[in-house]
Amino acid sequence: MTTMKQVVGIPGQEVKCRLESAPIPKPGSKQVLIKVVVSGSNPKDWKVPGWAPADAAPLNNGDDIAGIVEEVGTDVIVFKKGDRVAAFHEMQAPGGSFAEYAIAWDYSTFHIPPSTSFEEASTIPLAALTAAVSLNWNLGLPTPWLPAKATIPLVIYGASTSVGSFAIKLARASNIHPIIAIAGKGCPFVQTLLDTSKGDVVFDYRKGAEETIKSIRQHLKASNYGEIKHGIDPGIGESSKAVLTEVVAPDGAINLVLPSDWDTGAAKKTKTMVGAIHNSSVFGDARDLGLVFCRWFTKALQEGSFEGHPYEVRPGGLEAVEQALKDLKDGKNSASKYVFRIADTPGL
């Protein structure tokens, strides 16, 4: 077999996809060809075609891969044919995950243990690595392998999103506490991620910015946690500004996960683009960070100290991608990720 099925996004403001035949890609040096069992999805998958010029070529925008190694390129020493893996595909490069076969760099690929399903694994790569870039590349916070030894208050506005919840998981693994999580209808889910014995707490933004700010300050004061020096907007946007600019100290830092980009006031402003994992000319070269975290993901999954995000399997495999992206655009999901079992595609 030399061809495969893949889904491409059609440039334009309307979410439109096309299922088509395409050549099976070949892995280059330090690349891995993966037979995709499950593909994840992300909000960027419907946004990118809307940003593209009208005459741009349709593109397979899937970036979350879970499957089995089919072939490895030259200079790949960690992976071999038959390995169970998950991987972060390089955004807007050929070989995306909405397909029977996908391409990933070896440093953004990780083994998954038998205890981790392909569905769960497909929720991890892009969102968890985004959280790592935010926490460690931009905010300079401790890592799971060099955890914090002192109190570090951290506020995350949008904690039930996939990036927000992975930021909580990585922060906890790094002994960063108290975590001040802010969410809406996802509050019950966020509560399950927190360690209340270390001061972690979730507040409901639907009570209004003023009440949320008041509650955060009372919580910090009651246990003498000190000032918040680090805050994250995991892509929520301007609606997070009122709270974050008030509760993060003027000499602190607020990290904005793109496309969020607003004035952080006196606090230092940094911006996260997960493309840094694949060496971004604008946002830096975080390839080594990606490599180390990918190896840590395998270790933590095997130990049971780390897990993926809740997910919903969309019936129909690749044929389900278009409607799922429309539902993402319409905000129909909360605290979960849409995933696709490739074998469920009619005709495969």
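In this text, all values refer to a predicted model and were calculated from it rather than measured experimentally.

### Focus on unusual backbone geometry
Generally, phi is negative for residues other than glycine and the peptide bonds are trans, each holding for most cases.
Next up, step 1: The amide bond that connects H177 to the next residue, P178, takes the cis arrangement and shows omega of -5°.
Next up, step 2: As for its position among the elements, P178 is in the loop between α4 (162–173) and β9 (179–183).
Next up, step 3: Of note, the amide linkage connecting L258 to P259 takes the cis form, showing an omega dihedral of 15°.
Next up, step 4: Mapped onto the fold, P259 is located in the loop between β12 (248–257) and β13 (268–272).
Next up, step 5: The phi dihedral of K30 is positive, around 65°, even though this residue is not glycine.
Next up, step 6: Counting through the fold element by element, K30 comes out in the loop between β2 (17–23) and β3 (31–40).
Next up, step 7: Backbone geometry places Q92, a non-glycine residue, at a positive phi of 65°.

### What about the side chain of D195?
Next up, step 1: Positionally, D195 belongs in the loop between α5 (187–191) and β10 (201–204).
Next up, step 2: With a relative accessible area of 16%, D195 lands in the buried category.
Next up, step 3: Engagement of the side chain of D195 in a polar contact is seen with the side chain of S197, the distance being 2.5 Å.
Next up, step 4: Leaving out residues up to four positions away in the same chain, D195 has contacts with R172, H177 and D200.

### Observations concerning a nonpolar patch on the surface
Next up, step 1: A cluster of nonpolar side chains, namely W145, L146, L291 and V292, defines an oily patch on the protein surface of about 350 Å² accessible area.
Next up, step 2: Note on placement: W145 falls in the loop between α3 (125–138) and β8 (154–157).

### Points about the environment of T270
Next up, step 1: Inspection of the secondary structure puts T270 in strand β13.
Next up, step 2: Measuring from C-alpha to C-alpha, the distance between T270 and A22 comes to 39 Å, with 248 residues separating the pair along the chain.
Next up, step 3: If near-sequence neighbours (up to four positions away) are discounted, T270 is found in contact with N138, L139, I254, N255 and L256.
Next up, step 4: Among the polar contacts listed, one links the side chain of T270 to the side chain of N255, at a separation of 2.8 Å.

So, how was this worked out
Along each chain, residue indices are assigned from 1 in the same order as the chain's sequence is written. With the structure being a predicted model, the display of local features is reserved for residues of pLDDT at least 70 and the display and counting of side-chain atom pairs for 80 or more, all residues being used for whole-chain, interface and lining totals. Side-chain metrics rest on all non-hydrogen atoms present in the structure, leaving aside hydrogens and water. Elements are defined by DSSP. Helices are runs of H or I of four residues or more, strands are runs of E of two residues or more, and each kind is numbered from the N terminus. We call a residue buried when its accessible area falls under 20% of the maximum for its residue type, exposed when it is over 50%, and partly exposed in between, using a 1.4 Å probe and counting protein chains only. Under the rule applied, a polar contact is a pair of N or O atoms within 3.5 Å (in protein, one hydrogen donor and one hydrogen acceptor; residues adjacent in sequence only if both atoms are side-chain atoms). Pairs of residues are marked as contacts when any of their non-hydrogen atoms sit within 4.5 Å. Patches here: salt-bridge-free residues with over 30% relative accessible area, like charges joined within 9 Å, nonpolar side chains (Val, Leu, Ile, Met, Phe, Trp, Tyr) joined within 5 Å. In these tables, accessible area is a Shrake-Rupley quantity obtained with a 1.4 Å probe, and a residue counts as shielded only by the protein chains included in the view. Salt bridge criterion: a side-chain nitrogen from Lys or Arg within 4 Å of a carboxyl oxygen from Asp or Glu.

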